[in-house]
Amino acid sequence: MRNGDFSDIAAFIAVAEEGSFTRAAAKLGLSQSALSYAVRMLEQRLETRLISRTTRSLSLTDAGERFFQTLKPALESINNQIDTLKTLHNRPAGNLRITTFKHAAQTVLFPALSAFMAEYPDITVEIDVNEGLADIVAERFDAGIRFGEQVEKDMVAVRVGPDIRMAVVATPDYFARYAPPQTPRELGEHRCIRYRQKTAGGLFAWEFRKGESALDVKVDGALIVNDSNMLEDAALKGLGLVYIYESQIVEHVAEGRLVRVLEDWCEPLPGYHLYYPSRKQHTPAFSLLLDKLRYRPHG
């Protein structure tokens, strides 16, 4: 194989990973025309069409997908070896892709990354905020962070945060007009601010647990939002009841801006876990981040 063949294969892999000639060209530092030429040369040598192109879309052909899936493990192994060699020079390096919830990014990832990225400046971390349960293998993520109960059984899960509680809150003025609910079933008598999940598109049910009792309540209300910070703002403006992470409103409750109800129905939930395939071969960068994120209750 000639040296040029390797660059053509690298061009194809970049296009397959990015799903775009524009993004792949930017990633490789090439012009789009040079990148397109490299892919065409590879297709001519293989006498097989690898990529289907239109003016608006790009997709791998069946042959292209098989070729890419064959190359991917070898490419990952090469990248891992490169990262390992860099680590031998006391310069841990590499790229890490993590998919997670917005709340987990804010409460688990960002606090840990502050020190981590200062200590390891050659490690690049990409965070994908996504409410859906992404297929981390198919979408080429190194790991994901979700609630412990959401992690698939075939994944390795490492706890990275404490238990989490939800809260139902509204302003004192709101409760001056409406009697506070004593049970989740009474939420039907209230103006509730509903949350639409960005990825799944459905309206989030309010989940309550009290001992052996469990209720998932589909509340009603005239206001629907799709961002947790908007829930907080709407509650503070007296627009109704919200179901929200306890950590977001603890200061508002302590300072009297919001009043909490149904607290005995909001039992702790399993905290966030970082998960990854059991067959994953750890890079030094991944191992370092995993150790930084690992939850240590007394440490």
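This report concerns the structure included in the present document. (Residues numbered from 1 in each chain as written. Predicted model: local features only at pLDDT ≥ 70, side-chain atom pairs only at ≥ 80, totals over all residues. Heavy atoms only, no water.)

Our focus in this paragraph is the side chain of His 190. Relative to the helices and strands, His 190 resides in the loop between helix H6 (172–177) and strand E8 (193–195). A distance of 2.9 Å separates polar atoms of two side chains, one belonging to His 190 and the other to Tyr 174. In this structure, His 190 is in contact with Tyr 174, Tyr 178, Ala 179, Pro 180, Pro 181, Asp 220 and Leu 241, ignoring residues within four places of it in sequence. (Helix = DSSP H or I, 4+ residues; strand = E, 2+ residues; numbered from the N terminus. Polar contact = N/O pair within 3.5 Å; in protein donor to acceptor, adjacent residues only side chain to side chain. Contact = heavy atoms within 4.5 Å.)

This paragraph deals with unusual backbone geometry. Where the residue is not glycine, phi is negative for most of them; where a peptide bond is considered, it is trans in most cases. For Glu 47, which is not glycine, the phi dihedral falls at a positive 55°. Structurally, Glu 47 can be placed in the loop between helix H3 (32–46) and strand E1 (51–53). For Arg 140, which is not a glycine, the phi torsion comes out positive at approximately 60°. Within the secondary structure, Arg 140 is located in the loop between strand E4 (123–129) and strand E5 (143–147).

Right, let's get into the pairing of E5. For E5, a buried count of 5 out of 5 residues is recorded, marking the element as mostly surrounded by other parts of the structure. Direction of pairing for strand E3 (residues 94–100) relative to E5: parallel, over a ladder of 3 bridges. Looking at E5, one finds that Thr 100 is bridged to Ile 145. The pairing of E5 with strand E14 (residues 272–277) spans 4 bridges and is antiparallel. Across the sheet, residue Gly 144 finds its bridge partner in E14, namely Tyr 275. (Buried < 20%, exposed > 50% of the residue type's maximum accessible area, 1.4 Å probe, protein only. Pairing = 2+ DSSP bridges.)

Here we take up the sheet that holds strand E13 (residues 259–261). Strands in a sheet are paired, the pairing made by backbone hydrogen bonds, and the direction either parallel or antiparallel. Read across the open sheet, the 3 strands follow the order E12-E7-E13; overall the sheet is antiparallel. Bordering the open sheet on either side are strand E12 (242–245) and E13, each of which pairs with just one other strand. Pairs of neighbouring strands in the sheet enclose a mean axial angle of 50°, with direction left out of account. Pairing geometry for strand E7 (residues 166–170) and E12, over 4 bridges, is antiparallel. Along E12, the bridge assignment pairs Val 169 with Val 242. (Axes fitted to C-alpha atoms, helices over the stretch in contact; angles between N-to-C directions.)

Another point: the pattern of salt bridges. As enumerated under the stated definition, the model contains 17 salt bridges in all. Glu 246 is paired through a salt bridge with Arg 260; the nearest N and O atoms lie 2.7 Å apart. Of this pair, Glu 246 sits in helix H8 (residues 246–254) while Arg 260 sits in strand E13, placing them 14 residues apart in sequence. On the basis of relative accessibility, which here comes to 24%, the residue Glu 246 falls in the partly exposed class. One salt bridge connects Arg 260 with Glu 263, and the closest N-O pair in it is separated by 3.8 Å. Assessed through its relative accessible area of 40%, Glu 263 is described here as partly exposed. Through salt bridges that share partners, Glu 17, Glu 18, Arg 23 and Lys 27 make up one connected network. (Salt bridge = Lys/Arg side-chain N within 4 Å of Asp/Glu carboxyl O.)

Next up on the list: the packing of aromatic side chains. In the structure shown here, the tally under the stated rule is 11 aromatic pairs. Here Phe 101 and Phe 147 contribute two aromatic rings whose centre-to-centre distance is 5.9 Å and whose plane-to-plane angle is 50°, an arrangement assigned as tilted. Here Phe 101 is found in the loop between E3 and helix H5 (102–119), whereas its partner Phe 147 is found in strand E5, with 46 residues between them in sequence. The two residues Phe 101 and Phe 147 agree in class, both being buried. Between the aromatic rings of Trp 206 and Tyr 243, the centroid separation amounts to 5.5 Å while the plane-to-plane angle is 15°, which identifies the pairing as stacked. Taken together, the positions of Trp 206 in strand E9 (residues 206–210) and Tyr 243 in strand E12 put the pair 37 residues apart, joining distant regions of the chain. (Phe/Tyr/Trp six-rings, centres within 6.5 Å; stacked < 30°, edge-to-face > 60°.)

Coordinates in, geometry out; function isn't part of it.
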